[in-house]
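Below, each chain spelled out in residue letters.
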Amino acid sequence: MRSLELPDTREAVVSRVRVECKPVCEYDAQAKRFTDVQRTGADGRPLWEVEGVSPVVLGQTFMGGKVQVTQFFEPITIEIGTKFVVAGDVETRLFASKGEIGCSMTGARLEKPKQQQEGEK
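Residues numbered from 1 in each chain as written. Predicted model: local features only at pLDDT ≥ 70, side-chain atom pairs only at ≥ 80, totals over all residues. Heavy atoms only, no water.

> Would you mind going over the layout of surface pockets with me for this structure?
One simple way to see leftover space: roll a probe sized like a water molecule over the atoms. Considered as a void within the structure, the largest pocket measures approximately 870 Å³ in volume. Taken together, 34 residues line the largest pocket, and the ones lying closest to its centre are R39, K66, Q68, R93 and S104. Of all elements in the fold, only β4 (25-28), β9 (66-69), β12 (91-97) and β13 (100-107) reach the threshold of two or more residues within the lining of the largest pocket. Looking at which element gives the most residues to the lining of the largest pocket, the answer is β13, with seven residues. Split by residue class, the lining of the largest pocket holds 13 nonpolar, 12 polar and nine charged. (1 Å grid on protein atoms, 1.4 Å probe; cavity = no way out; pocket = protein on both sides within 12 Å on 5 of 7 lines; lining within 4 Å. Points joined across faces, edges and corners; volume = space filled by probe spheres on them. Helix = DSSP H or I, 4+ residues; strand = E, 2+ residues; numbered from the N terminus. Nonpolar A, V, L, I, M, F, W, Y, C, P; charged D, E, K, R; others polar.)

Put into structure tokens, the structure is as follows:
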């Protein structure tokens with residue numbers, strides 16, 4: 001098995017003060033380099049990597065993991081540790097990467113999680 005998909009995993013956490021989007025480019029395996037062509041998500045929209053946000057899988061934050069969305073947003077300044085939920089049709093994968101475990105989480109957009117009302121459990 002080369003990867004493990006976790007369909008119900010959607011949580012991400014801010015890992016640096018500035019959060020921004022950058023295009024995810026296609027990889028040319030023959031030339032062994034990234035091209036200038038932007039990848040698209042399952043919905044056919046351009047795919048953006050969210051820099052400064054790390055996926056949370058099974059209670060563990062993957063600092064080297066990638067969070068990708070199809071809805072672009074302007075750079076923002078936000079408190080480290082702020083939690084988000086990746087919304088839309090989300091795909092979360094764990095995979096072997098250079099002797100370590102890698103992680104990628106792809107969805108439509110980032111949303112703040114709903115806060116529990118006092119008294120709810």
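> Explain the pattern of salt bridges here, please?
Any two side chains of opposite charge can pair, given that their charged atoms come close. One pass over the full model with this rule turns up seven salt bridges. Across the pair E51 and K22 runs a salt bridge, and its minimum N-O distance is 3.4 Å. Taken as a pair, E51 in strand β6 (residues 48-51) and K22 in strand β3 (residues 18-23) lie far apart in primary sequence, 29 residues in all. (Salt bridge = Lys/Arg side-chain N within 4 Å of Asp/Glu carboxyl O.)

> Please clarify how unusual backbone geometry should be interpreted in this entry.
Glycine aside, residues mostly have negative phi, and peptide bonds are mostly found in the trans state. Backbone geometry at K32 places phi at a positive 55°, although glycine is not the residue there. The residue K32 is located in the loop between β4 and β5 (33-38) in this model. On the basis of relative accessibility, which here comes to 66%, the residue K32 falls in the exposed class. (Buried < 20%, exposed > 50% of the residue type's maximum accessible area, 1.4 Å probe, protein only.)

> Looking at this structure, I do not really get the packing of aromatic side chains. What am I missing?
Any pair of aromatic rings gets described here by the distance separating the centres and the angle formed by the planes. Tallying each qualifying case throughout the model produces two aromatic pairs. Look at Y27 and F34: their rings are 5.0 Å apart centre to centre, the planes differ by 70°, and that puts the pair in the edge-to-face class. Residue classification places Y27 among the partly exposed positions, given a relative accessible area of 46%. For F34, a relative accessible area of 54% translates into the label exposed. (Phe/Tyr/Trp six-rings, centres within 6.5 Å; stacked < 30°, edge-to-face > 60°.)

> For this particular structure, what's the right way to read the sheet that holds strand β2 (residues 11-14)?
Strand pairing in a sheet is mediated by backbone hydrogen bonds. Such pairs are either parallel or antiparallel. Spatially, the five strands line up as an open sheet ordered β8-β7-β2-β11-β14, and their pairing is antiparallel. Strand pairing shows two members of the sheet lacking a second neighbour, β8 (60-61) and β14 (109-111), which therefore form its edges. Of the strand pairs in this sheet, β2 and strand β11 (residues 83-87) are connected by three bridges, and their pairing is antiparallel. Bridge pairing in β11 links E11 to V85. (Pairing = 2+ DSSP bridges.)

> What is the right way to read the sheet that holds strand β10 (residues 76-77) from this model?
Reading across from one edge, β1-β12-β13-β9-β6-β3-β10 is the order of the seven strands in this open sheet, with mixed pairing throughout. The open sheet has two edge strands, β1 (3-5) and β10, and neither has a second partner. Bridge count between β12 and β13: seven bridges; the pairing is antiparallel. Bridge pairing in β13 places E91 opposite T106.

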